[in-house]
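Structure assessment
Here is what each chain is made of, one letter per residue.
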Amino acid sequence: MLTINNLTKSFGKKTVLKGIDFKISEGEIVGLVGANGAGKTTIMKSILGLASYQAGEITIDGKMVSTTSHQALEEVGALIEYPGIYPFLSGYDHLKLFSENNTKEELDEIVADLHMTDYINRKAKSYSLGMKQKLGIALALLNRPRLIILDEPMNGLDPQATRDVRELVLKLSKKGTSFLISSHILGELEKIVDHFIILNKGKIIQAMSVEELNAGHSHYVMLTTTDNEKAKEVLTAAKYELQVDRSVKIKMSENADLANIIQVLYDNKIQINDVRHQENDMEESLLNLLDQKDGGKA
Ligand SMILES: Nc1ncnc2c1ncn2[C@@H]1O[C@H](COP(=O)(O)OP(=O)(O)OP(=O)(O)O)[C@@H](O)[C@H]1O
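Residues numbered from 1 in each chain as written. Predicted model: local features only at pLDDT ≥ 70, side-chain atom pairs only at ≥ 80, totals over all residues.

**Structural notes on unusual backbone geometry**
Phi is positive for Asp61, which is not a glycine, with a value near 50°. Within the secondary structure layout, Asp61 lies in the loop between β4 (55-60) and β5 (63-64). Of note, the phi angle at Lys239 is positive, near 70°, even though the residue is not glycine. Assignment of secondary structure puts Lys239 in the loop between α8 (228-237) and β12 (242-243). (Helix = DSSP H or I, 4+ residues; strand = E, 2+ residues; numbered from the N terminus.)

In structure tokens, the structure reads:
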């Protein structure tokens, strides 16, 4: 569907995209994740022919896209930065204005899926930030696009609206629509994307599936004992990896099993009062990854 090869872009002397390569196939949901300024919006604008680039190639279904070549974009929907909204038109007027080939039923389905029915006929000047954002997403879905590009779509959305957007994305992807969705919050995309592209300072530092990212998770056991300080000493002496914590927090690995830990404590006459397990989350995995790739300066 979409192929990006060696995309390179500079603003003056500053190179903000450094040889970006990735592909999105039909029905695939790809998450573009990176800190502020990593280059997410610039990639999306380049795909949409809104930003020029110095080197590389972007093709949609084999057709080139650039600031002067737009034909391939006929089947692409997008929400980039803030949605362009006319205050004196209703939400529904916007949908009718930008729709070229949707039936009334299709428009009503988008409105219902995004739970916009209550206010879709009100003038947009009365909309909250989240309502405008949802209208922007609805506009990106018009004309049955085969690829939809959403830049930080969850910005300003409450938990229910975030869920509505997620469900809608999944529903459309099952019908074959491809998605490129950016976020600076990994967890926001975790529930829907097939692949993550992790961007740092204009470079892809990792491209992987959700399962691969999950595999980088760590598992900790947290013990409360009759003497935590002594427990920390004896476990450190026994070569367990401890984290700084009020409780005795042990990083579990292949050679750290709970039975051995209990034995070490028992031999030292320390009793366990409480045991808890903790997984680190995806955000932490990502930060670990950035640390490894960038010497901690990400
Ligand atoms: N018009 C511009 N002129 C000069 N530099 C720009 C311009 N637009 C973006 N940049 C720079 O390009 C880099 C990438 O910006 P971009 O907006 O793509 O990042 P982003 O990952 O989308 O960040 P955010 O999460 O903050 O939106 C940043 O260093 C930014 O300062």
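**Overview of the sheet that holds strand β6 (residues 76-79)**
Reading across from one edge, β6-β7-β8-β3-β9-β10 is the order of the six strands in this open sheet, with mixed pairing throughout. Strands at the two margins of the open sheet, each flanked by one partner only, are β6 and β10 (203-209). Averaged over all neighbouring strand pairs, the angle between strand axes comes to 15°, with direction disregarded. With six bridges joining them, strand β9 (residues 195-200) and β10 adopt antiparallel strand pairing. Across the sheet, Leu199 pairs through a bridge with Ile204, a residue of β10. In this fold helix α1 (residues 40-47) packs onto β3 (29-34), β7 (147-151), β8 (178-183) and β9, with an angle of close to 150° to the strand it touches most, β7. Packed onto the sheet, helix α4 (residues 129-140) meets β6 and β7 and runs at close to 170° relative to β6. (Pairing = 2+ DSSP bridges. Axes fitted to C-alpha atoms, helices over the stretch in contact; angles between N-to-C directions. Contact = placed C-beta atoms within 7 Å.)

**A few points about the domain arrangement of the chain**
Each assigned domain of the chain is listed with its residue range as follows: domain 1 (2-214) and domain 2 (218-279). The gap between the C-alpha centroids of domain 1 and domain 2 is 46 Å. (Domains from an automatic or database assignment.)

**A few points about the pairing of β6**
Burial along β6 is two-sided: the face carrying Val76 and Ala78 and the face carrying Gly77 and Leu79 are both buried. Sheet analysis places β6 next to β7, joined by four bridges and oriented parallel. Considered in β7, the bridge of Val76 is made with Leu147. (Buried ≥ 20, exposed ≤ 12 C-beta atoms within 10 Å, placed from the backbone.)

**Re the site of the ligand**
The ligand sits among Phe11, Val16, Gly34, Asn36, Gly37, Ala38, Gly39, Lys40, Thr41, Thr42 and His184. Top contributing element to the shell around the ligand by residue count: α1, with three residues. A class-by-class count of the residues in the shell around the ligand yields three nonpolar, seven polar and one charged. (Near = placed C-beta within 6 Å. Nonpolar A, V, L, I, M, F, W, Y, C, P; charged D, E, K, R; others polar.)

**Section: the packing of helix α2 (residues 91-98) against α4**
Where α2 contacts α4, the two axes come as close as 10 Å, and the packing angle between them is 20°. The pairing of α2 with α4 is recorded here as roughly parallel in orientation. Seen from above, α2 lies across α4 with right-handed handedness. Between α2, through Gly91, His94, Leu95 and Phe98, and α4, the contact on the second element is made entirely by Leu135, Ala138 and Leu139. Tallied by class, residues from the contact of α2 with α4 come to five nonpolar, two polar and no charged. (Parallel < 35°, antiparallel > 145°, perpendicular 65-115°, else oblique. Left-handed = near helix turned anticlockwise from the far one by under 90°.)

**Description of the pairing of strand β13 (residues 248-252)**
Note: strand β11 (residues 219-225) against β13, five bridges, orientation antiparallel. Pairing of Val221 across the sheet is with Ile250, part of β13. Hairpin geometry of β12 and β13 is characterised by an intervening segment of four residues between the two adjacent antiparallel strands.

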